[in-house]
Amino acid sequence: MNFRNLGILCAVAMSFALGACSSKYRTDNHEIIQTVAPGSSFYIMQPEDGTFGETNYANSGQMLATEVYKQLAPYSAEIVKATSVETRDEAFTNAQDQNLEFLIAPQILHWEDRATEWSGRPDRITILYQAFNVTDKTMLANSTLSASSKWATFGGDHPVHLLPVPTKQFVSSLLGKSLDMQN
């Protein structure tokens, strides 16, 4: 094999390796009806835990609510995070009782934790994010965002590690910033 063929082979191998080292993010649906001013107050619902087949991923709903909280914290005057799963009507009542302006209702549509390091199957999530005005219960935003993990992993990656990017993108767009699905 000559040096030219070896160089081409190395370039192809590096392309595959680099492509396997990054998570993928996708916007399935995105609609911002009205943006929210920074400094507003929020109530974050706790979604039900994610499932995949017969597997229930305990505390995944709480992890998602916590990530929404972390992404909103720099931009909010007050944030209250639900401590349990509740109906949307119960959440509106709780938000109104605490004089909060906006309700964030995240929902796990898909949560798949795979042993990527040996199976080659990536972890996957699909999250529905919705925001409502607490006073009149009108929807302000509706986004479905998906992510899949990188293929080249040495273990320790889980769907929860995919949450920051899509959650940050939802919060940014709700606050009137662009929806850019980059890390």
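See the structure printed just above.
All values derive from a computational prediction rather than experimental measurement. Position numbers for residues start from 1 in each chain and track the written sequence from start to end. The model is predicted, so local features are restricted to residues of pLDDT at least 70 and side-chain atom pairs to those at 80 or more, both for listing and for counting; the totals for chains, interfaces and linings are taken over all residues. Side-chain numbers here rest on the full set of heavy atoms in the structure, without hydrogens or water.

K.L.:
Would you mind going over the overall build of the chain with me for this structure?
P.N.:
A helix here means a DSSP run of H or I that spans at least four residues, while a strand means a run of E at least two residues long, and both kinds are numbered starting from the N terminus. Looking only at helices and strands, the chain features five helices and eight strands. Its helices and strands in sequence order give the chain the pattern α-β-β-β-β-α-β-α-β-α-β-β-α, from N to C terminus. Residues counted as buried form 42% of the 183 residues belonging to the chain. By sequence separation, contacts in the chain at least 24 residues apart represent 70% of the contacts at least 6 residues apart. Of the roughly 9900 Å² of accessible surface on the chain, 52% is carried by carbon and sulfur atoms. Only protein chains enter the accessibility calculation, which uses a 1.4 Å probe; a residue is then buried when its area is under 20% of its type maximum, exposed when over 50%, and partly exposed in between. We call two residues in contact whenever any of their non-hydrogen atoms come within 4.5 Å of each other. Only the protein chains shown count as cover for residues, and all accessible areas are computed by the Shrake-Rupley method using a 1.4 Å probe.

K.L.:
I would appreciate a short explanation of the sheet that holds strand β8 (residues 139-148) in the present structure.
P.N.:
Within a sheet, adjacent strands bond to each other through the backbone by hydrogen bonds, running parallel or antiparallel. Between any two strands, pairing holds if DSSP finds at least two bridges. Strands sit in the order β1-β8-β7-β6-β2-β5 across an open sheet of six strands; the sheet is mixed. Only two strands of the sheet have a single neighbouring strand rather than two, namely β1 (24-32) and β5 (78-81). Taken over all neighbouring pairs, the strand axes of this sheet differ in orientation by 15° on average, direction set aside. The pairing of strand β6 (residues 102-112) with strand β7 (residues 124-133) spans ten bridges and is classified as antiparallel. Bridge pairing links P106 to Y129 in β7. Contacts from helix α2 (residues 60-72) reach β2 (41-44), β5, β6 and β7, with the element oriented near 135° to β6. Simply put, an axis is a line fit to the C-alpha atoms, just over the touching stretch for a helix, and the angle between two N-to-C directions goes from 0 to 180 degrees.

K.L.:
Quick question: what am I supposed to make of the environment of W111 here?
P.N.:
When you line up the elements, W111 lands in strand β6. Among the residues examined, W111 registers a relative accessible area of 3% and is labelled buried. With 51 residues separating them along the chain, W111 and S60 place their C-alpha atoms 8.4 Å apart. Those residues in contact with W111 that sit more than four places away from it in its chain are G50, T51, F52, Y57, S60, R124, I125, P159, V160 and L163.

K.L.:
Could you clarify how one ought to interpret the nonpolar core in this entry?
P.N.:
By nonpolar core is meant a set of buried Ala, Val, Leu, Ile, Met, Phe, Trp, Tyr and Cys residues that side-chain atoms within 4.5 Å join together. In terms of nonpolar packing, the biggest core is built from 29 residues, with L72, I104, F170 and L174 touching the most fellow members. Secondary-structure elements contributing two or more residues to this core are β2, α2, β6, β7, β8 and α5 (164-174). For L174, the residues in contact, after removing those within four places along its chain, are I32, Q34, T35, V36, F42, I104, A131 and A141. Core analysis: the second largest hydrophobic core is formed by twelve residues, M45, A91, A105 and F132 among them.

K.L.:
Would you mind showing me how to read the side chain of N142 here?
P.N.:
Here N142 shows up in strand β8. Given the relative accessible area of 14%, N142 is considered buried.

K.L.:
Sorry, what's going on with the packing of α2 against α5 here?
P.N.:
Angle between the axes and distance between the axes: these two values describe a pair of packed helices. Running from amino to carboxyl end, α2 crosses α5 at an angle of 50°, the nearest separation of the two axes being 9 Å. It follows from the interaxial angle that α2 and α5 lie oblique. For the pair α2 and α5, the crossing hand works out as right-handed. Between α2 and α5, the residues in contact are L64, E67, V68, Q71 and L72 and P164, T167, K168 and V171, respectively. Residues are grouped as follows: Ala, Val, Leu, Ile, Met, Phe, Trp, Tyr, Cys and Pro are nonpolar; Asp, Glu, Lys and Arg are charged; all remaining types, including Gly, are polar. When its residues are assigned to classes, the contact of α2 with α5 shows five nonpolar, two polar and two charged. Angle categories are assigned with fixed cut-offs, so that under 35 degrees is roughly parallel, over 145 is roughly antiparallel, 65 to 115 is roughly perpendicular, and the rest are oblique. Whether a crossing is left-handed or right-handed is set by the direction in which the near helix is turned from the far one by less than a right angle, anticlockwise for left-handed and clockwise for right-handed.

In short, the description is geometric, and any link to function would need to be established separately.
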